[in-house]
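Per-entry structural report
Chain by chain, the residues run as shown.
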Amino acid sequence: MTLQDTVLMQLRDLILSGQFEPGQRLAEQQLAERLGASRTPVRAALVTLEQEGLVEANDTGKYLVRQFTAQEVTDAIAVRGHLEGMVARLVAEHGLTRQLQGDLQACLDEGDRLLADNPLTLESYAAYAVMNDRFHSLLLEACGNRALQRAVALNDKLPFAPASAMLPMQGTVAMDRDWMLYAHRQHHMLFDALRRGESARAQALAVEHTEVAQMNMRLALERRAESERVMPVMRLVVG
């Protein structure tokens, strides 16, 4: 990893962990001192983050932490749903290899085991997020469409868009755990459609799967104080 890549990753993490206020100016010199780097990689990182949608330049060319409306977040999650729908359709059309089928089944089994805890422990909760990311990553890798993979990767850089982005909002009350169980049941249904080569059904299930994230975002906005304690990046959402 180059110094520029490292600075980009660190600055992105600072924004997503809520270290800056919405609309706060990001001064190159102060960031360089904080990250132990020169202004050159910091400037390059800010340009990249503007392209990703995490920061924006004002009329004078200064970079500010971007604010997001609830609608923008909803739109990003919806885009992921349609992209992953295309992924699922392609995987179903290609057919599952024995290796992929085994890897997906292992994810499902792991999710079943973790969600058997009631209430969920922090350990099982974190492990479920890892499993969930792996399940979606396996499908993305297997779709074989590089343009689609790049589109998913770009969309995932926005807050709340990645597959497990809203999981920290779940598990705090019984209703939230029910949503997690429902989401994992969708994993099982999607796997069944993929195994049977039912491309249209697989696509529809993948799109519908993001409704869980949409529901969790609505719950997060309703429980704002709790949400910001668990996920500080929620402070970037205005309104």
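The structure displayed is predicted, hence computed values, not measured ones. (Residues numbered from 1 in each chain as written. Predicted model: local features only at pLDDT ≥ 70, side-chain atom pairs only at ≥ 80, totals over all residues. Heavy atoms only, no water.)

**Quick word on the overall build of the protein**
As a reminder of what qualifies: Put simply, DSSP marks the helices as runs of H or I at least four residues long and the strands as runs of E at least two long, and each gets a number from the N terminus on. Here the globule rule is a power law, 2.2 Å times the number of residues to the power 0.38, and the radius of gyration is based on C-alpha atoms. Each residue is assigned to one of three classes by its accessible area relative to the maximum for its type, calculated with a 1.4 Å probe on protein chains only: buried under 20%, partly exposed between the two thresholds, exposed over 50%. Pairs of residues are marked as contacts when any of their non-hydrogen atoms sit within 4.5 Å. Methods summary: accessible areas were calculated by the Shrake-Rupley approach with a probe of 1.4 Å, and residue burial reflects only the protein chains presented.
A tally of helices and strands in the protein yields eleven helices and four strands. Relative to its length of 239 residues, the protein is compact, with a C-alpha radius of gyration of 19 Å against a globular reference of 18 Å. If one aligns the C-alpha atoms of the protein with their principal axes, the spans along those axes are about 55 × 40 × 30 Å. In the protein, which comprises 239 residues, the proportion classed as buried is 44%. Contacts in the protein between residues at least 24 apart in sequence constitute 71% of all its contacts with a sequence separation of at least 6. In the structure as shown, the protein presents an accessible area of about 11900 Å², 52% of it carried by carbon and sulfur atoms.

**Focus: helix 4 (residues 70-94)**
Counted only if it meets this: Multiplying 1.5 Å by the helix residue count minus one yields the expected span of that helix.
Between the first and last C-alpha of helix 4 there are 36 Å, a value that for 25 residues agrees with the 36 Å anticipated at 1.5 Å per step. Immediately beyond the C-terminal end of helix 4, within one or two residues, lies G95, with a positive phi of roughly 90°.

**What about the pattern of salt bridges?**
Operational definition: The working definition used for a salt bridge is a side-chain nitrogen of Lys or Arg within 4 Å of a carboxyl oxygen of Asp or Glu.
Summed over all chains, the structure comprises 16 salt bridges. Between E28 and R39 there is a salt bridge whose closest N-O contact spans 3.4 Å. Remark: R39 occurs in helix 3 (residues 39-52) and E28 occurs in helix 2 (residues 28-35); sequence separation between them is eleven residues. Of the charged contacts, one joins D103 and R134 as a salt bridge, the two residues approaching to 3.9 Å between their closest N and O atoms. Linking D103 in helix 5 (residues 98-115) with R134 in helix 6 (residues 122-143), this pair joins segments that are 31 residues apart in sequence. Classification of R134 as partly exposed rests on a relative accessible area of 42%.

**Details of the nonpolar core**
Just so we agree on the cut-off: In these notes, a set of buried Ala, Val, Leu, Ile, Met, Phe, Trp, Tyr and Cys residues joined through side-chain atoms within 4.5 Å is what counts as a nonpolar core.
Within the largest apolar cluster, 34 residues are counted, with the highest numbers of intra-cluster contacts made by L11, I15, F20, L26 and F160. If you list the elements that add at least two residues to this core, you get helix 1 (3-16), helix 2, helix 3, strand 2 (63-65), helix 4 and helix 10 (211-222). Considering every element that reaches this core, the biggest residue donor is helix 1, with five residues. In this structure, I15 is in contact with F20, L26, L49, V55, V65, V233 and L236, ignoring residues within four places of it in sequence. Among the nonpolar cores identified, the runner-up in size contains 32 residues, and A92, L114, Y128 and L139 belong to it.

**Comments concerning the layout of surface pockets**
We apply this condition: Detection works on a 1 Å grid of protein atoms alone, calling trapped sets that fit a 1.4 Å probe cavities and calling open sets with protein on both sides within 12 Å along at least five of seven lines pockets, with lining residues defined by an atom within 4 Å of a point. Grid points are joined across faces, edges and corners, and a volume is the space filled by probe spheres set on the points. Each residue is assigned to one class: nonpolar for Ala, Val, Leu, Ile, Met, Phe, Trp, Tyr, Cys and Pro, charged for Asp, Glu, Lys and Arg, and polar for all the others, Gly among them.
Volume-wise, the largest pocket comes out at about 260 Å³. In this structure, the largest pocket is lined by 16 residues; those nearest its centre are E84, H136, S137, D156 and A163. Every element with two or more residues in the lining of the largest pocket is listed here: helix 4, helix 6 and helix 9 (199-209). When residues of the lining of the largest pocket are assigned to their parent elements, the largest contribution, five residues, is made by helix 6. Taken together, the residues that form the lining of the largest pocket break down as nine nonpolar, three polar and four charged. If you add up the space inside the second largest pocket, you get close to 200 Å³. Taken together, L16, S17, D156, K157, L158, P159, F160, P162, A165, M231, P232 and V233 make up the full set of residues lining the second largest pocket.

**Quick notes on the environment of V73**
Inspection of the secondary structure assignment puts V73 in helix 4. By relative accessible area, which is 2% here, V73 ends up buried. Each C-alpha atom, one on V73 and one on F160, is 6.7 Å from the other, the two residues being 87 residues apart in sequence.

**Regarding the packing of helix 4 against helix 7 (residues 146-155)**
Each pair of packed helices gets described by two things: the angle between the helix axes and the distance between those axes. What counts is decided by this rule: Axis lines are fitted through C-alpha atoms, for helices just across the contact stretch, and the angle between N-to-C directions can take any value from 0 to 180 degrees. Angles below 35 degrees are treated as roughly parallel, those above 145 as roughly antiparallel, those between 65 and 115 as roughly perpendicular, and all remaining angles as oblique. Take the far helix as your reference; a near helix turned counterclockwise from it by less than a right angle gives a left-handed crossing, and one turned clockwise gives a right-handed crossing.
Contact pair helix 4 / helix 7: the axes reach a minimum separation of 10 Å and the direction vectors enclose 155°. Considering the angle they form, helix 4 stands roughly antiparallel to helix 7. Seen from above, helix 4 lies across helix 7 with left-handed handedness. Residue-level contacts link A76, V79, R80, L83, M86, V87 and L90 of helix 4 to L148, A151, V152 and N155 of helix 7. Among the residues making up the contact of helix 4 with helix 7, the classes are represented as nine nonpolar, one polar and one charged.

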